[in-house]
Amino acid sequence: MNLEAKDIQANWVQFLANIDAHITGERKQKLLDFYKKFEERVMLMPAAHKKEYHNAFPGGYVEHVNRVVRCALKQMDLWAEEGADMSTFTKEELVFSAINHDLGKMGSEEHESYIPQTDKWRKEKLGEDYMFNTKVPFASVPDRGLFLLQSHGIQYTFNEMLAIQTHDGLYDEANKKYLFAYMPEQKPRTSLPFILHQADLMAARIEFEREWLPKLKGEKNSLDGQKANFTLGNSTNQKSTTSTKNKALGSIKSEGLKNMLDNL
Ligand SMILES: [Fe+2]
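None of the values given here were measured: they were computed from a predicted structure. (Residues numbered from 1 in each chain as written. Predicted model: local features only at pLDDT ≥ 70, side-chain atom pairs only at ≥ 80, totals over all residues. Heavy atoms only, no water.)

Caption draft 1: Main features of helix 8 (residues 158-165). Burial analysis of helix 8 places seven of its eight residues in the buried class, which makes it a mostly covered element. As for helix 8, its buried residues are in contact with helix 2 (26-37), helix 5 (91-100), helix 7 (141-151), helix 9 (176-179) and helix 10 (192-216). (Buried < 20%, exposed > 50% of the residue type's maximum accessible area, 1.4 Å probe, protein only. Helix = DSSP H or I, 4+ residues; strand = E, 2+ residues; numbered from the N terminus. Contact = heavy atoms within 4.5 Å.)

Caption draft 2: A look at the confidence of the model for the protein chain. A residue-level look at the protein chain finds 83% of positions with pLDDT of 70 or above and a mean pLDDT of 86. Note on residues 222-248: pLDDT under 50 across the span, and 59 contacts to partners over four residues away in sequence or across chains. (pLDDT = per-residue confidence, 0-100.)

Caption draft 3: Fine view of the coordination of the iron ion. Within the protein, the atoms that donate to the iron ion are H64 (NE2), H101 (NE2), D102 (OD) and D200 (OD), at distances of 2.2 Å. Every donor counted, the four donor atoms about the iron ion form angles of 85 to 175 degrees at the centre, which fits irregular coordination. Written as a sequence motif, the donor arrangement for the iron ion is H-x36-H-D-x97-D. Taken as a pair, D102 in the loop between helix 5 and strand 1 (114-116) and D200 in helix 10 lie far apart in primary sequence, 98 residues in all. (Donors = N, O, S within 2.8 Å, 3.2 Å for Na, K, Ca; no water. Tetrahedral: all angles 85-135°; square planar, octahedral: opposite > 155°, others 65-115°.)

Caption draft 4: Expanded view of the layout of surface pockets. If you add up the space inside the largest pocket, you get close to 810 Å³. At the level of secondary structure, the elements contributing two or more residues to the lining of the largest pocket comprise helix 7 and helix 10. Per-element accounting of the lining of the largest pocket gives the leading share, four residues, to helix 10. Partitioned by chemical class, the residues of the lining of the largest pocket number 14 nonpolar, nine polar and five charged. (1 Å grid on protein atoms, 1.4 Å probe; cavity = no way out; pocket = protein on both sides within 12 Å on 5 of 7 lines; lining within 4 Å. Points joined across faces, edges and corners; volume = space filled by probe spheres on them. Nonpolar A, V, L, I, M, F, W, Y, C, P; charged D, E, K, R; others polar.)

Caption draft 5: Summary view of the environment of P116. Along the chain, P116 falls in strand 1. Taking the C-alpha atoms as reference points, P116 and M131, separated by 15 residues in sequence, lie 6.1 Å from one another.

Structural data, given as structure tokens:
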């Protein structure tokens, strides 16, 4: 799927509004400054580089993060209703963690993680619009996200560190040390990581369903023609991508994005 320019714009406004509404103290402005600095990159980022994952289209990252924030707030109410100890974390910690949980997907300060696919065969046959940028040294998404925050002087609490670090739950083996603990004293002292993980899982699942269930049911594009999985450069998306270029993406500086948009 593809987002129109007005959706990308509206999602970005909502993304900043979430910071404004929920983050307090000195770090609120620092966070707003950080996202202002990387506005162009973050606004247009996909949430993943492969169609098989979720929201692998321009603006997909922010759309995903906003959904995780919404789901996290709803999950929080559910956990409270069912008797979880809500005194162990704050709403601000939940929203801060949700907003920044996938920040590491951005890449390094200098280089984007996901750049337009240059391999014509992979783009046309596999529908891969993006590829990993090899200029970015490897780090896990949580580690890179936490590094970006600290390197811009944005403080996070112990709870937020734990939630961002473990947001993939047991899908990431590295989280076993936090989530597979047998001894009660080694288990997290707050439900925050579980609430964030549930919200992220829910959002990613919904985004998967939206992209793939119609295709699997044969309602939209046939799976036989991989070109049907094309997001970028699909002529059926010409109208929306043209308006995307004209509005939200008019002042793009990134060379990679410019090339990608020129091909839309
Ligand atoms: Fe996520």
